Amino acid sequence: MPIKVAYQATIEYMQILDEQGGLDAKLARDTLTDDQVVMLYEHMSMCRRLDEIAFKLQRSGRLGTYPQNMGQEAIASVALAARPQDWMVPCYRENAALYLHGLPPEMILLHWMGDERGNQIPEGLNITPMSIPIGSHMLHAAGIGWAARIRGDDQVAFTFFGDGATSEGDFHEACNFAGVMHAPVVFICQNNQWAISTPRSKQTRSETFAQKGIAYGLKVRQVDGNDIFAIFRAAREAVADALKGQPTMIETLTYRLGDHTTADDARRYRDPAELEAARKRDPLIRTRKYLESKDLWSADQEEAMIERNKAQVDDIVARATNIEKPKTTDIFDAMFATIPPELARQRDTMQTNSLGQFPQQETLRRGATAHSPTQSPAHA
Amino acid sequence: MANLTLVQAINLALTQEMEADESVVLLGEDVGLNGGVFRVTEGLQQRFGEHRVVDTPLAESGIMGAAIGLAMNGIKSVPEIQFEGFLGPAYDQLVNHAARYRSRSRGAITVPMTVRVPVGGGIHAPELHSDSPEAIYAHTPGLKVVMPSSPYDAKGLLISAIRDPDPVLFFEPKRIYRAFREEVPEDEYTVPIGKAKIVEEGTDVTVVTWGAMTIQCINAMDSLPEDLSVELIDLRTIYPIDVETIVESVSKTGRCVVAHEAPLTAGLGAEISSLVQERCFLHLEAPVQRVTGFDTFMPYYKMELDYLPEAPRVAEAIAACAAY
Ligand SMILES: Cc1ncc(C[n+]2csc(CCOP(=O)(O)OP(=O)(O)O)c2C)c(N)n1
Ligand SMILES: [Mg+2]
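Remember, predicted model here, so these are calculated numbers, not experimental data.

(A) Geometry of helix H10 (residues 268-279) of chain B. Residues and elements named next belong to chain B. The terminal C-alpha atoms of H10 lie 16 Å apart, and with 12 residues this matches the ideal 16 Å at 1.5 Å per residue to within 8%. Looking at H10, one finds that the buried residues are Leu 268, Gly 269, Ile 272, Ser 273, Leu 275 and Val 276. Taken down its axis, H10 places every buried residue within 160° of arc, on the same side. Of the surrounding elements, those touching the buried residues of H10 are helix H6 (134-138), strand S10 (205-209), strand S12 (237-239), helix H9 (243-253), strand S13 (256-263) and strand S14 (289-293).

(B) Seen up close, empty space enclosed by the protein. Residue and element names in this part refer to chain B. Per the stated rule, a full pass over the model turns up 4 cavities of 30 Å³ or more. Its boundaries defined by the atoms lining it, the largest cavity holds a volume of some 100 Å³. Ser 132, Met 147, Trp 210, Ala 212 and Glu 261 are the residues nearest the centre of the largest cavity, which is lined by 15 residues in total. Residue composition of the lining of the largest cavity, grouped by class: 6 nonpolar, 5 polar and 4 charged.

(C) Here's a closer look at a nonpolar patch on the surface. A cluster of nonpolar side chains, namely A:Trp146, A:Ile150 and A:Phe177, defines an oily patch on the protein surface of about 300 Å² accessible area. Along the chain, A:Phe177 falls in helix H7 (residues 169-180).

(D) How the structure looks around the nonpolar core. Formed by 150 residues in total, the largest nonpolar core has its most connected members in A:Phe158, B:Leu94 and B:Met113. Ranked by residues supplied to this core, first place goes to helix H2 (residues 34-59) of chain A with 11 residues. Sequence-distant contacts of A:Phe158, defined by excluding residues within four places in its chain, comprise A:Val78, A:Ala82, A:Asp86, A:Trp87, A:Met88, A:Val89, A:Val186, A:Ile188 and A:Val239. Counting 24 residues, the second largest nonpolar core, distinct from the first, contains A:Leu355, B:Cys217, B:Ala286 and B:Ala319.

(E) How the structure looks around the coordination of the magnesium ion (ligand 2). Residue and element names in this part refer to chain A. Of the protein atoms, only Asp 163 (OD), Asn 192 (OD1) and Trp 194 (O) coordinate the magnesium ion (ligand 2), at distances of 2.1 Å. If you list the donors of the magnesium ion (ligand 2) from N- to C-terminus, the spacing comes out as D-x28-N-x1-W. The pair Asn 192 / Trp 194 is uniform in exposure class, with both members buried.

(F) Molecular detail of the pattern of salt bridges. Tallying each qualifying case throughout the model produces 44 salt bridges over all chains. Between A:Arg308 and A:Glu42 there is a salt bridge, with the nearest N and O atoms lying 3.0 Å from each other. One end of the pair, A:Arg308, is in helix H13 (residues 299-321); the other, A:Glu42, is in helix H2, and 266 residues separate them in sequence. Across the salt bridge formed by A:Asp86 and A:Arg83, the nearest N and O atoms sit 2.7 Å from each other. Sharing partners across several salt bridges, the network here consists of A:Asp115, A:Arg117, A:Glu324 and B:Lys302.

(G) Quick look at the sheet that holds strand S4 (residues 185-191) of chain A. Residues and elements named next belong to chain A. Across the sheet, which stays open at both edges, the 6 strands sit in the order S1-S7-S8-S4-S3-S2 with parallel pairing between neighbours. Two strands lie at the open edges of the sheet, namely strand S1 (13-14) and strand S2 (87-89), each paired on one side alone. As judged from the 6 bridges shared by strand S7 (residues 219-224) and strand S8 (residues 248-253), these two strands associate in the parallel manner. The partner of Asp 224 across the bridge, within S8, is Leu 253. Across the sheet, helix H6 (residues 138-151) touches S2, strand S3 (157-162) and S4, and the angle it forms with S3 is around 170°. With respect to the sheet, helix H10 (residues 228-243) is in contact with S1, S3, S4, S7 and S8, its orientation differing from that of S7 by roughly 165°.

(H) Looking closely at the domain arrangement of chain B. Residues and elements named next belong to chain B. Here chain B is described as being made up of domain 1 (2-184) and domain 2 (197-323). Between domain 1 and domain 2, the contact holds 27 residues from the first and 25 residues from the second. Summing both sides of the interface, domain 1 and domain 2 together bury roughly 2100 Å²; the carbon and sulfur share of this comes to 56%. Of all residues in domain 1, His 124, Met 147 and Arg 175 bury the most surface against domain 2, accounting for 24% of the area lost on that side. The closest approach of N and O atoms between Glu 310 and Arg 175, which form a salt bridge, is 2.9 Å. At the junction of domain 1 and domain 2, the tally comes to 13 residue pairs in polar contact (both at pLDDT 80 or more). Put simply, the parts of the chain that give the side of domain 1 that touches domain 2 at least two residues each are H6, strand S6 (144-146) and helix H7 (151-163). Looking at the side of domain 1 that touches domain 2 residue by residue, the class counts come to 13 nonpolar, 8 polar and 6 charged.

(I) Spatial organisation of the side chain of B:Asp242. Residues and elements named next belong to chain B. Among the structural elements, Asp 242 can be located in the loop between S12 and H9. For Asp 242, a relative accessible area of 6% translates into the label buried. A distance of 2.6 Å separates polar atoms of two side chains, one belonging to Asp 242 and the other to Thr 245. The residues touching Asp 242, leaving out its near neighbours within four places in the chain, are Gly 194, Lys 195 and Ala 196.

Thresholds, definitions, all that
- Residues numbered from 1 in each chain as written.
- Chains lettered and ligands numbered in written order.
- Predicted model: local features only at pLDDT ≥ 70, side-chain atom pairs only at ≥ 80, totals over all residues.
- Heavy atoms only, no water.
- Helix = DSSP H or I, 4+ residues; strand = E, 2+ residues; numbered from the N terminus.
- Expected span 1.5 Å × (residues − 1).
- Buried < 20%, exposed > 50% of the residue type's maximum accessible area, 1.4 Å probe, protein only.
- Arc of directions from axis to C-beta.
- Contact = heavy atoms within 4.5 Å.
- 1 Å grid on protein atoms, 1.4 Å probe; cavity = no way out; pocket = protein on both sides within 12 Å on 5 of 7 lines; lining within 4 Å.
- Points joined across faces, edges and corners; volume = space filled by probe spheres on them.
- Nonpolar A, V, L, I, M, F, W, Y, C, P; charged D, E, K, R; others polar.
- Patch = residues over 30% accessible without salt bridge, like charges linked within 9 Å, V, L, I, M, F, W, Y side chains within 5 Å.
- Areas by Shrake-Rupley, 256 points an atom, 1.4 Å probe, with all protein chains shown as cover.
- Salt bridge = Lys/Arg side-chain N within 4 Å of Asp/Glu carboxyl O.
- Core = buried A, V, L, I, M, F, W, Y, C linked by side-chain atoms within 4.5 Å.
- Donors = N, O, S within 2.8 Å, 3.2 Å for Na, K, Ca; no water.
- Pairing = 2+ DSSP bridges.
- Axes fitted to C-alpha atoms, helices over the stretch in contact; angles between N-to-C directions.
- Domains from an automatic or database assignment.
- Buried area = accessible area lost by both parts, 1.4 Å probe.
- Polar contact = N/O pair within 3.5 Å; in protein donor to acceptor, adjacent residues only side chain to side chain.

In structure tokens form, the structure reads like this:
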């Protein structure tokens, strides 16, 4: 018997808008309208501004550790392919998509300001809070999509994660579940080439991240992750497939222009030349070039937008900063639908040691005579 | 002798053990060129090479499971889990394999592995970067659990851990990674696993603690009246727990306060309180007091100091216990 090919696969890479702002008109047909491109450019610019301000807030001690999104704003395009009822199950580098899907931007700031109210997603928005354990949340997207199928709801779950996240076991389980359950899920791997200091070359021996999806029966695509047209087109096709029970994995090739977080210093491990080259592929630059080449954008418009963005970002920061202090009781009250009595006692006394909480413990010890309650020297 | 921080002392212990024993291999996320996110392994890859200080893919189950295999086949593996909150994916490997191999193979297969994990709160870190899960692992048969509170002990304990024939979970309290310095000998020395340290001798109340809480307890003692004599015990090893030192102390003082960052319910305070009740019943003058985190999550950093049992809460409990 001759040896036969048991399986063969190819992966397409798609770029529609190149670094110079040149557009592949054929591939771009029926994708983004001029208005949408202008809107995306303005939105991405606002996100960049907000990102820079968040960085400064961290440096001046008004924000905790913050992961900059700089360079990955084109991911916003996914939100144009999503319908209002669709879910977003994110990590932390797709802020631009979340805002467009309706998340108030101050919530992300609040989160990184150490405030759980930044996770209190407003009713009606199908977005889960940013996920901290890398690679774990994609399973929730598989479940969310599966639930939509069970209930017969017209919903798709988008989930976002990094190149590093594909090394976690949960990533593989999520792909497998989505595949086996025919769940309407779109996996979006933002391959920004780095996982903290770990380069893509040390993360996997696979040639692409997209090919990992093939193993689980997903449709896979690789696109230029700084290209709003390519991302939109891939995401829109993925929605159509998802609704037919075919999940997709899209690998977006992008680059983390900043440090991993404000606690990181990428100069320790990253070649400055690589960063310089990546700056030339910035999604903002190419989108603006494209708009200008089409006479859809002028220097005046740019100037006016910068002023608008400044004001808008100031507003966002004010909303995050001027919020009243959280109540300590929230720590307890948020735990369960109904608080157990012992937990309520901890809340009410802010104490875990028993003395001072049960007066009979002390009166029995000393007989019936009244005595002064124990005084805290620390409070004296 | 050099005046070192906890981070530097751990780095020194790793350097010396790697020099002394070629079979010691470090692995984990970002531990190589970047020196770890806390710089604990700074300079080690440059010194010992990429084959002995290994940047792994982002996979805690992978790191732990592979470290077990390495240890089973002649490599003294020292995996790092970047933060205690990410022990989750490694739990199955650690608890269902590392801990059990010796026993289930009746000694035929052993796992001489030391798992390094930064632990605890108080550094304004994001979610899942500030927890204290030591009780979970102390509750796991087959694991040794260590948490130093000083540079000197950190070096000596880590060397003991690496040389130990069984898996050791070595928790590093990140709040005091760089909080103070201490004289740490260049020369080789060990601090035995399973032996607590009496930080300060006293006669009225015994305070039992470990890790970064040791510093909070010292601060609490400073705020108490001078005629209140407190004996402070730093456990250093959480499992196997040094019962003798605790029993001896409480038998003398008759009063005991346990302080830890982790939640109250089923925390180690409960275990210690139980031991004291069983072994010192007739000496006890007051109910054992537990000063701990609440039965909630460690809040995001705006409220983390409301959660942590800081020095004033510890002082209050000591005073109440002494006055009882
Ligand atoms: C389970 C888990 N392990 C480790 C970490 C620490 N950590 C946070 S982000 C990160 C790298 C993530 O890389 P990637 O998935 O490529 O996303 P990127 O940050 O590049 O967007 C690591 C190791 C974590 N948050 N969760
Ligand atoms: Mg990445």
